[in-house]
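In case you want the letters, here they are:
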Amino acid sequence: MSRITKKTISIFLSVLMVLTSVPFSALAISSAESVKQAIEAYEDKMDGTVYTNMQSAFDAYAKAKEDLYAYEVGGKTDLDLAADAEALENATAAMTAWTSPKGAATASFPADTDYETDASYDGYAENLLYFGSMDPVVGATDTAPGEKYAGAAAISTHEYANENTSTDGKHRMTVAMYYPVAVMLYDGETTPVMPVMAMAHITESNGPTLVERWVYGLYPAEKTGNDDAASTTFGMKNAFWNYDNAPNANMNINWRYTMAKNNKKVATVPSPTAMTQENAMELANSSITWWRTYYPAALANAMQYNGGDNAFKNSDNAYLINQRVNWRRFTGGALTSAGATPSDYMTMTAKLSYPTMVVNYKALIDAAKTAATTVSAAPETYLINKSDVSATFAAVDNDSI
């Protein structure tokens, strides 16, 4: 065991006397310098990057700035500047790289469970906060597919009136959109995408006479009426729809199965070079194949949000888009010439009854980045409005949506 000598005790007492003789003001000056260094380190780190723990760091920063001002200008000496410096240093160190939350809602269609091993929703259900259900209507039958899934969240076939597309006035075609109420998350990083389906069928037949009808294009439109322009808010993920129109196959609302068929036709943009006879999906009535309500063709694709910041700027609500999407179809008989224009098709646009909503989470991210960028450039301004700045950072910390 080591022995404490008289010399060791003497040195210890000498140091203690020196420390106790240092005026309090000198210690305060040292603490003030520590606070200044902590403030500078915090301001250097706030370069526009969004971090975790931004609220606690900003609150510590605001207190350190206020206490330092009270000490230097107001002459207050009862402040614990050392504690301020330590709190700010620790809070600044705790700010780590932040990643925005993603919508994690899953998607499914009524008949998907029968085909678990077919196409995946990966890449087709992204940044969704909510994707409603489409439960079959009790007592519905396959002979009326438009009604079978016309639940509160589903799109009814009656959104499209039957359209006369034949010379004898007896052959008509219906296209019905199928997808539920959905809420997308816009963060400016990951494009929000949701799966959608459509069903197409000829609704009347003229006996054994062969009748051919074609679906050339189907896409979200800018508006109803005669305007063919595609929507600038919503668009399609794939340039063509996947489809299944196999004879005598009773199609149903099965997105995964239809996508797995990998048949690509029916354009998603109003372009004559895309909406050609080669790219059209055929429907037919004949004595062999009664392609009617019993046997519709199924189409599958995904709709994505393309509006960016501008759609919110042009909306009544800067933080939420709530839109009943217009869908425009191009259908009819065989084209008589190559390179036909959209006016050669029989068109119809319908506004759906159920909304697609988009939440603007990017607005919060941008506000946090702005605060992070300029907090050091105009600290006095941010201290005046510190409750608002703190609330903004708190919303980021809490992933508030």
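Our subject is the structure that appears above.
Below, the structure is looked at part by part. (Residues numbered from 1 in each chain as written. Predicted model: local features only at pLDDT ≥ 70, side-chain atom pairs only at ≥ 80, totals over all residues. Heavy atoms only, no water.)

## Quick word on the nonpolar core
Item 1. Among the nonpolar cores identified, the biggest contains 49 residues, and Trp 241 and Trp 327 are the most heavily contacted of them.
Item 2. Counting 33 residues, the second largest nonpolar core, distinct from the first, contains Met 46, Tyr 51, Ala 372 and Phe 393. (Core = buried A, V, L, I, M, F, W, Y, C linked by side-chain atoms within 4.5 Å. Buried < 20%, exposed > 50% of the residue type's maximum accessible area, 1.4 Å probe, protein only.)

## Description of the packing of aromatic side chains
Each pair of aromatic rings is reported with the distance of its centres and the angle of its planes.
Item 1. The final tally for this structure, using the stated rule, is 13 aromatic pairs.
Item 2. With centroids separated by 6.1 Å and ring planes inclined at 70°, the aromatic side chains of Phe 234 and Tyr 305 adopt a geometry described as edge-to-face. Separated by 71 residues along the polypeptide, Phe 234 in strand β7 (residues 234-236) and Tyr 305 in strand β11 (residues 297-305) bring together distant segments of the chain. Comparing Phe 234 with Tyr 305, the two get one shared label, buried.
Item 3. With centroids separated by 6.2 Å and ring planes inclined at 55°, the aromatic side chains of Trp 241 and Trp 327 adopt a geometry described as tilted. Note that Trp 241 is positioned in strand β8 (residues 240-244) and Trp 327 in strand β13 (residues 326-332), a separation of 86 residues in sequence. Like Trp 241, the residue Trp 327 is buried in the burial classification.
Item 4. An aromatic cluster of three or more residues is present, and its members are Tyr 42, Phe 58, Tyr 61 and Phe 393.
Item 5. A cation over a ring is seen here: Lys 237 above Tyr 124, with NZ or CZ 5.6 Å from the ring centre. (Phe/Tyr/Trp six-rings, centres within 6.5 Å; stacked < 30°, edge-to-face > 60°. Helix = DSSP H or I, 4+ residues; strand = E, 2+ residues; numbered from the N terminus. Lys NZ or Arg CZ within 6 Å of the ring centre and 35° of its normal.)

## A look at the packing of helix α8 (residues 362-374) against helix α10 (residues 386-397)
Item 1. Running from amino to carboxyl end, α8 crosses α10 at an angle of 130°, the nearest separation of the two axes being 10 Å. Accordingly, the angle class assigned to the pair α8 and α10 is oblique. In this structure, α8 meets α10 at a crossing whose hand is left-handed. Residues Leu 364, Ala 367, Ala 368, Ala 371 and Ala 372 of α8 pack against Val 389, Thr 392, Phe 393, Ala 395 and Val 396 of α10.
Item 2. Taken together, the residues that form the contact of α8 with α10 break down as nine nonpolar, one polar and no charged. (Axes fitted to C-alpha atoms, helices over the stretch in contact; angles between N-to-C directions. Parallel < 35°, antiparallel > 145°, perpendicular 65-115°, else oblique. Left-handed = near helix turned anticlockwise from the far one by under 90°. Contact = heavy atoms within 4.5 Å. Nonpolar A, V, L, I, M, F, W, Y, C, P; charged D, E, K, R; others polar.)

## Considering helix α4 (residues 81-93)
Item 1. For α4, spanning 13 residues, the distance from its first C-alpha to its last is 18 Å, which sits close to the expected 18 Å at 1.5 Å a residue.
Item 2. Residues of α4 that are buried: Leu 81, Asp 84, Ala 85, Leu 88, Ala 91 and Thr 92. The buried residues of α4 occupy an angular sector of 140° when projected down its axis, which confines them to one face. (Expected span 1.5 Å × (residues − 1). Arc of directions from axis to C-beta.)

## Things to note about the sheet that holds strand β15 (residues 356-360)
Item 1. Taken in spatial order, the four strands make up an open sheet running β1-β4-β15-β12, and their pairing is mixed. Edge positions in the sheet fall to β1 (128-131) and β12 (320-323), since each has one partner strand and no second. The sheet shows a mean angle of 15° between the axes of neighbouring strands, direction not considered.
Item 2. Relative to β15, strand β4 (residues 182-186) is paired through five bridges, and the arrangement is parallel. The residue bridging Met 184 from the neighbouring strand is Val 358, located in β15. (Pairing = 2+ DSSP bridges.)

## Brief notes about the pattern of salt bridges
Item 1. Counting across every chain of the model gives eight salt bridges.
Item 2. Residue Lys 63 is joined to Asp 67 by a salt bridge in which the shortest nitrogen-to-oxygen separation is 2.7 Å. On the criterion of helical spacing, the pair formed by Lys 63 and Asp 67 is a turn pair, its members being four residues apart in helix α3 (residues 54-72).
Item 3. By relative accessible area, Asp 67 is classed as buried at 12%.
Item 4. Residue Asp 187 pairs with Lys 102 through a salt bridge whose shortest N-O separation is 2.6 Å. Of this pair, Asp 187 sits in the loop between β4 and β5 (193-202) while Lys 102 sits in the loop between α4 and β1, and the two are 85 residues apart along the sequence.
Item 5. Asp 187 sits in the buried class, given a relative accessible area of 2%.
Item 6. A relative accessible area of 37% means that Lys 102 is categorised as partly exposed. (Salt bridge = Lys/Arg side-chain N within 4 Å of Asp/Glu carboxyl O.)

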